Amino acid sequence: MVINILTAVGFLQLLVGYNGQLITIVEKEPLPDNVRFVKEPKDTVVLSPVEEIKLDCLANFTSKPINYKWYKIEVVGKTPIIDGQGFTFVEDGILFNTTLENGEQSGIYQCEANATSYSILSRTARVTFAVAVPSGSLPRQPIRGFQYASIVISSDIRRFSIQDLEYKWMKGTNSTSAIPIPLDSPRIFTSHDGILYFGELQLEDAGEYTAQATFRIIEDNNTIYLGDPTKNQQTSKTVTLTVQPQAKPSEEELIIGDHFPQVFPRQPTFGQTIDLECFAFGSPLTYSWTFNGEPLKNKTRLSDNNRRMSIPDAQLDDEGNYTCTAANNSTNTSRNLLLQIKGRPIFSLALSDGEVKENAFHKLTCLSYGPAKPVITWYRNGEPIRNITDRYYADNKYFIILSPKIGRDDGIFQCAAKNAYGTIYSTAKITIAAVPPEGNHGIPTSSFIILNIILLFVPFL
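Residues numbered from 1 in each chain as written. Predicted model: local features only at pLDDT ≥ 70, side-chain atom pairs only at ≥ 80, totals over all residues. Heavy atoms only, no water.

Asker: Can you help me understand the overall build of the protein in this one?
Answerer: Helix and strand content of the protein: 2 helices and 43 strands. Here the protein holds 461 residues, and the buried ones make up 47% of them. The long-range fraction of contacts in the protein, counting pairs at least 24 apart against all pairs at least 6 apart in sequence, stands at 66%. (Helix = DSSP H or I, 4+ residues; strand = E, 2+ residues; numbered from the N terminus. Buried < 20%, exposed > 50% of the residue type's maximum accessible area, 1.4 Å probe, protein only. Contact = heavy atoms within 4.5 Å.)

Asker: It is not clear to me how the state of the cysteines should be interpreted in this structure. Could you clarify?
Answerer: One covalent bond between the sulfur atoms of two cysteine residues makes up a disulfide. The final tally for this structure, using the stated rule, is 3 disulfides. Across a sulfur-sulfur distance of 1.9 Å, C57 and C111 are joined as a disulfide pair. On the sign convention where negative means left-handed, the S-S torsion of about -65° between C57 and C111 marks this disulfide as left-handed. Of this pair, C57 sits in the loop between strand 6 (54–56) and strand 7 (58–59) while C111 sits in strand 12 (residues 107–115); the two residues are 54 residues apart in sequence, bridging distant segments of the chain. Residue class for C57 comes out buried when judged on its relative accessible area of 1%. A relative accessible area of 0% means that C111 is categorised as buried. Shown here is the disulfide that connects C366 with C415, its sulfur atoms set 2.0 Å apart. Its S-S torsion of about -75° marks the bond between C366 and C415 as left-handed, since a negative value means left-handed. Pair noted here: C366 is in the loop between strand 36 (362–365) and strand 37 (367–369) and C415 is in strand 42 (residues 411–419), with a separation of 49 residues, a long-range link. Given a relative accessible area of 0%, C366 falls into the buried group. Each disulfide of the protein joins two cysteines, and with those cysteines numbered along the sequence the arrangement is 1-2, 3-4, 5-6. (Disulfide = S-S within 2.5 Å.)

Asker: Would you mind going over the nonpolar core with me for this structure?
Answerer: Across soluble globular proteins, you tend to see nonpolar side chains buried next to one another. Counting 28 residues, the largest nonpolar core has L276, Y287, W289 and Y322 as the members making the most contacts within it. Counting 25 residues, the second largest nonpolar core, distinct from the first, contains F61, I66, A115 and I120. (Core = buried A, V, L, I, M, F, W, Y, C linked by side-chain atoms within 4.5 Å.)

Asker: How should I be thinking about the sheet that holds strand 20 (residues 196–198) in this particular structure?
Answerer: Strand pairing in a sheet relies on backbone hydrogen bonds, with the paired strands running either antiparallel or parallel. Spatially, the 3 strands line up as an open sheet ordered 16-20-19, and their pairing is antiparallel. With partners counted over all chains shown, the strands left at the sheet margins are strand 16 (151–153) and strand 19 (188–190), one partner each. Strand-to-strand, the axes of this sheet are offset by a mean angle of 15°, without reference to chain direction. (Pairing = 2+ DSSP bridges. Axes fitted to C-alpha atoms, helices over the stretch in contact; angles between N-to-C directions.)

Asker: It is not clear to me how the pattern of salt bridges should be interpreted in this structure. Could you clarify?
Answerer: A pair can form between side chains of opposite charge whenever their charged atoms are brought close. With the rule as written, the count across this model stands at 20 salt bridges. Close ionic contact of R301 with E219 constitutes a salt bridge, the shortest N to O distance being 3.6 Å. Taken together, the positions of R301 in strand 30 (residues 301–303) and E219 in the loop between strand 21 (207–215) and strand 22 (223–226) put the pair 82 residues apart, joining distant regions of the chain. With relative accessibility at 37%, the residue R301 sits in the partly exposed group. Given the relative accessible area of 49%, E219 is considered partly exposed. (Salt bridge = Lys/Arg side-chain N within 4 Å of Asp/Glu carboxyl O.)

Asker: Could you clarify how one ought to interpret the sheet that holds strand 32 (residues 320–327) in this entry?
Answerer: Strand order in this open sheet of 3 strands is 29-32-33, and the pairing throughout is antiparallel. The strands lining the two open edges of the sheet, one partner per strand, are strand 29 (286–291) and strand 33 (332–339). Ignoring which end each strand starts from, the neighbouring axes of this sheet average 20° apart.

Asker: When you look at the layout of surface pockets in this model, what are you seeing that I'm missing?
Answerer: In this approach a probe as big as a water molecule rolls over the atoms, and the regions it shows empty are the leftover space. Taken as a whole, the second largest pocket spans an internal volume of roughly 620 Å³. What lines the second largest pocket is a set of 32 residues, and nearest its centre among them are I73, E74, T124, K418 and T423. Listed by contribution, the elements that provide at least two residues to the lining of the second largest pocket are strand 8 (67–73), strand 12, strand 14 (125–129), strand 38 (375–380), strand 39 (383–384), strand 42 and strand 43 (422–433). It is strand 12 that provides the largest number of residues to the lining of the second largest pocket, a total of 4 residues. Here the lining of the second largest pocket is built from residues that sort into 14 nonpolar, 9 polar and 9 charged. (1 Å grid on protein atoms, 1.4 Å probe; cavity = no way out; pocket = protein on both sides within 12 Å on 5 of 7 lines; lining within 4 Å. Points joined across faces, edges and corners; volume = space filled by probe spheres on them. Nonpolar A, V, L, I, M, F, W, Y, C, P; charged D, E, K, R; others polar.)

Asker: Can you walk me through the packing of aromatic side chains in this structure?
Answerer: To describe a pair of aromatic rings, you give the distance between the ring centres and the angle between the ring planes. According to the stated counting rule, one finds 16 aromatic pairs in the structure shown. Ring geometry for F198 and Y209: centres 5.8 Å apart, planes at 80°, overall edge-to-face. One end of the pair, F198, is in strand 20; the other, Y209, is in strand 21, with 11 residues separating them in the sequence. Across the pair, exposure class does not vary: F198 and Y209 are buried alike. Here the aromatic rings of Y392 and F399 are separated by 5.1 Å at their centres, their planes lie at 40°, and the arrangement is tilted. On the accessibility criterion, Y392 (5% relative accessible area) is buried. Overall, F399 belongs to the buried group, its relative accessible area being 0%. These aromatic residues form a ring-pair network of at least three members: F189, Y197, F260, F279 and F281. Over the ring of Y71 we find K78; its NZ or CZ atom is 4.4 Å from the centre of that ring. Over the ring of Y398 we find K363, and its NZ or CZ is 4.5 Å from the ring centre. (Phe/Tyr/Trp six-rings, centres within 6.5 Å; stacked < 30°, edge-to-face > 60°. Lys NZ or Arg CZ within 6 Å of the ring centre and 35° of its normal.)

Set out below in C-alpha cells:
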C-alpha cells in the first residue's frame with residue numbers, strides 16, 4: 001500500500017508490504033497541479049518611439065513564489081538579462097528601457113518561470129525596431145504615355161527596415177488640394193509593392209503624382225505592433241505623367257502583369273492575413289479566383305474589384321495553387337500562384353500530463369510540422385536532457401524514460417520545436433508512482449506501530 005504524507009518540506013511517500021514491512025521511503029517535493037504559461041511573449045514590432053515596450057510572461061504554478069528569468073537568445077547560447085540593466089522586471093513580464101539605442105535591444109527573447117526546483121521555458125519572441133528609409137535626393141524623370149495604353153509608375157521609397165509598407169498615391173503637387181487615387185478604380189491599381197498601375201490611360205490621368213508610405217500593420221495572431229505608423233511617414237519625389245492622345249485600338253490583347261499574381265507579405269507566415277494581388281492591362285475587366293481548381297474558402301475576402309484576395313489567419317491548409325482569371329467581353333486569361341507559408345513550427349501532437357509507474361517503460365511523443373523539419377530538443381525542469389544509456393533516450397519525435405525512479409525522474413518535461421522562425425514548447429507534468437508488491441491487500445494492525453514510529457520524525461505544517 002502507498003501512503004503519501006504532507007510534511008513541511010514536501011511529501012513523504014511510504015510503501016508498506018502486506019506484512020507491515022516498510023519497503024520504500026522517498027521524500028519528494030510535490031509537483032505543481034498546473035504547469036503552464038498564462039501569458040507568453042509574442043513577436044513585437046516597434047513602429048515609432050513609444051512610452052513602453054513590454055514582453056509578457058506569467059505562469060500558473062500552484063507553488064509559490066514563482067521566480068522569472070529572462071534571456072536574450074544569441075547565435076550561440078543565450079545571455080541572462082539582469083534586472084535594471086536596460087530592462088525592468090515586472091510581475092507579468094519585462095519592460096524595455098526605451099532610452100537605449102534601438103539596435104541594442106532588437107533581438108530574440110525568452111522567459112523562464114520556476115517555482116522551487118521546477119522550471120518551464122516560454123516560446124521565443126523577436127523584437128524588431130522598424131527603421132524609416134527616406135526616398136533618394138535625385139528628382140524623378142517625367143513619364144510619357146499614350147491614351148488607351150497601359151503604364152506603371154514606381155515609388156522611390158524602397159524600404160522601411162524589414163517592415164512592409166502601406167502606400168497611398170496622390171495626384172497633384174499641393175498638399176491641400178492633392179487628390180488620393182481611389183483604391184476601387186477599375187482602371188488604376190495601387191499594389192502593396194508601391195507601384196501604381198494604369199490598365200488603360202485616359203487624357204485626364206495626366207498630372208503630377210506623389211506616393212506616401214507608412215509602416216504596414218499586418219493582421220497577425222503571433223505579432224504585436226507598437227507605436228504610430230504615421231509618425232514615420234515618408235513622401236516620394238513627384239513624378240510628372242503626360243498622356244498623348246491616340247485612336248482607340250480595335251483589338252486589345254488581354255495580359256496579366258508579369259509579377260502577378262503576387263503575395264504580401266513577401267514571406268507569409270502562419271497566423272498572418274495574407275494578401276494575393278492580380279492585375280491585368282486593359283479595360284473594362286472582371287476578376288475571379290480559384291483555389292486548387294475549386295471555389296475559394298468561405299473565410300477568404302475579396303476587395304478592390306476582386307483584384308485583391310485576403311486570407312485571414314493563414315494556416316497550413318491554405319497552401320496551394322491560387323488561380324487569378326481576368327476577363328473582358330470577348331476573352332479571358334489566367335495565371336497561377338503557388339502559395340507556401342512559412343513560420344515557426346506547429347504541434348500536431350503535443351505532450352500531456354501523466355502518472356508513470358516506477359520502473360515501467362514510458363514514452364513521450366511530440367510531433368510537429370512546419371516549412372522546414374523542426375529540430376526537437378527535450379527539457380526536464382528547464383534543463384536540456386541528453387541521452388543516458390540506462391535512463392533516457394531522446395530523438396526528434398520521442399522521449400523514453402527507460403526505468404523511471406521516484407524522486408529522480410519526476411518533473412516538468414518540455415518538447416521544444418525550433419526552426420528559423422522561432423521556437424515553441426509543449427509541456428507535461430510527469431509523476432512517478434510506486435508499485436505495491438503483489439499480494440498486498442491492506443496493512444495489518446502491526447504495521448501501524450511501524451508507521452507511528454516513523455511519523456514521530458515527520459515535521460507537520
